[in-house]
Amino acid sequence: MSKKIAQHEKSSAPFAELSELEQQTVKVSLKEKLYQQVVEVLDNYQVQPREPSSVGCVVSALILPCTFLYAFFLYLSMSGAPLIEVNNIRWSISYNPFPMNITCENPSGCYFSYQQEDAHSECQFLDAEQTAPMQVYRNPSNKPTVFILTAKTSEHMASALSATNSPDHRDGVGVMMSPIYGGYMLGALVETHNKTVKGKLAEHRHEWFFTLTHPFSTPQTFDGETCMAQAERAGLNSSEAQMAIVKMNPDYNFIEIEDGFSWLDYIGTTSGMYGLFLSAGAIILSVIELEVWTKALMRKVVVLE
């Protein structure tokens, strides 16, 4: 009896192994089928095959000239777009130093000093109509950005030479003189970065604008200022002198100018319209082919009847 049971177990073992293989095969096929379904859903480039037709050729022939016309008129529209101008407000103390060109307008000359990184500069003298380029700092203390001392005059004592926008001028830059009068003055800076004129003087411009906030008749010095003593040694009495204390604003305007036309936007918009034309053509083809198929089906029904 035991021998028969052993023979039966041996004979049924291959069937058990075959059953396990079949189960594994079924599991693998289910995984592959599920994977294929996921791929078909996610693959946007999957194209359903269709038979070429004369109607498809006509629709395709209409899409290309429509795309070319759209691209042409889009280029005309975008190339005539105004320049993009972005005005940012920056803290002056974070972007020190700033260029400034002071021109002396007093016939007797000008004494001046200006704020450097750590301290005020030594007093310097400018003859009439002479210009001094400098790099000034905006200091958080009460010390002025620029200090100017001259003999009294009814006119402005000095000017800051700035490069202003002038499209008709050579290199697109004109000269602007911002007058400086005796008294307390606030200095506003406008820095312009024009990316449409790279390599020219107009690419980087600095313009200074001054506002007289408090005029005074007698000169007032500050700690570390040496121009008054130097002017007195040169024979200029304090009663005959006038001074300007220029303080830069705590913030300034940084303007960036860019071209309103972008090839990236142009190509992207044109490509998107081409895709829209293709989608519209596909809808038209579907409607036409559905109508043709419906008519053919109706004919078969009539024939069968």
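Just above, that's the structure.
Summarised in this report is the structure supplied together with it. For every chain, the first residue of its written sequence is number 1, and the numbers climb from 1 along that sequence. Local features in this predicted model are restricted to residues whose pLDDT is 70 or higher, and side-chain atom pairs enter the listing and the counts only when it is 80 or higher, whereas totals over whole chains, interfaces and linings include all residues. Here the side-chain values reflect all heavy atoms present in the structure, with hydrogen atoms and water set aside.

## Let's talk about the state of the cysteines
To be explicit about the condition: To count as a disulfide, a pair of cysteine sulfur atoms needs to be within 2.5 Å. For each residue, the accessible area found with a 1.4 Å probe, counting protein chains only, is set against the maximum for its type, and the residue is called buried under 20%, exposed over 50%, and partly exposed in between. Helix and strand assignments follow DSSP, with helices taken as H or I runs no shorter than four residues and strands as E runs no shorter than two, numbered in order from the N terminus.
All told, the structure shown has two disulfides when counted by the stated rule. One disulfide in the model links cysteine 104 with cysteine 110; its S-S distance is 2.1 Å. On the sign convention where negative is left-handed, the bridge of cysteine 104 and cysteine 110, at about 80° about the S-S bond, is right-handed. No difference in accessibility class separates cysteine 104 from cysteine 110, as the two residues are buried. One disulfide bridge connects cysteine 123 with cysteine 227, the sulfur atoms lying 2.2 Å from each other. Of note, the bridge from cysteine 123 to cysteine 227 carries an S-S torsion of about 110° and is right-handed in sense. Of the two residues, cysteine 123 is situated in the loop between β3 (110–114) and β4 (124–126) and cysteine 227 in helix α3 (residues 227–233); the sequence distance between them amounts to 104 residues. Residue classification places cysteine 123 among the buried positions, given a relative accessible area of 11%. A relative accessible area of 0% places cysteine 227 in the buried class. Each disulfide in the protein chain links cysteines that, numbered along the sequence, combine into the pattern 1-2, 3-4.

## Notes on the nonpolar core
Using the following cut-off: Residues grouped as a nonpolar core are buried Ala, Val, Leu, Ile, Met, Phe, Trp, Tyr and Cys residues, joined through side-chain atoms within 4.5 Å. By definition, residues are in contact when any of their heavy atoms lie within 4.5 Å.
Membership of the largest hydrophobic core comes to 26 residues, with the highest contact counts inside it found for Met134, Ile148 and Trp208. The element that contributes the greatest number of residues to this core is strand β2 (residues 98–104), accounting for four residues. Beyond its immediate chain neighbours, meaning those up to four positions away, isoleucine 148 contacts Ile102, Cys110, Tyr111, Phe112, Met157, Ala158, Ile180, Gln242, Met243 and Ala244. Counting 13 residues, the second-largest nonpolar core is a separate cluster that includes Tyr111, Ala151, Met228 and Leu236.

## Comments concerning the pairing of strand β9 (residues 183–194)
For clarity, the cut-off: Here, any two strands with at least 2 DSSP bridges between them count as paired.
Most of β9 is tucked away, with nine of its 12 residues classed as buried. Two strands pair when backbone bridges link them, and β9 and strand β11 (residues 241–248) are joined in this way by five bridges, in the parallel orientation. Bridging across to β11, methionine 185 finds its partner in valine 246. In the sheet, β9 pairs with strand β10 (residues 204–214) via 10 bridges, with the strands oriented antiparallel. Bridging across to β10, tyrosine 184 finds its partner in histidine 214. The pairing of β9 with strand β12 (residues 251–258) spans five bridges and is classified as parallel. Bridging from a neighbouring strand, asparagine 194 pairs with isoleucine 257 of β12.

## Topic: the packing of aromatic side chains
What counts, and what does not: The criterion for an aromatic pair is that two Phe, Tyr or Trp rings (for Trp, the six-membered ring) have centres within 6.5 Å, with stacked assigned to planes under 30 degrees apart, edge-to-face to planes over 60 apart and tilted to the rest. Consider the ring centre and the ring normal. A charge sits over the ring if Lys NZ or Arg CZ is within 6 Å of that centre and within 35 degrees of that normal.
Under the counting rule described, the total for this entry stands at 12 aromatic pairs. On the numbers, 5.3 Å between centres and 70° between planes, the contact of phenylalanine 72 with phenylalanine 73 is edge-to-face. Residue phenylalanine 72 is classed as partly exposed on the basis of its relative accessible area, which comes to 47%. Among the aromatic residues, ring-to-ring pairing joins Tyr75, Phe261, Trp263 and Tyr266 into one connected group. For arginine 90, the ring lying beneath its charged end belongs to tyrosine 95, and the centroid distance is 4.4 Å.

By themselves these figures say nothing about function.
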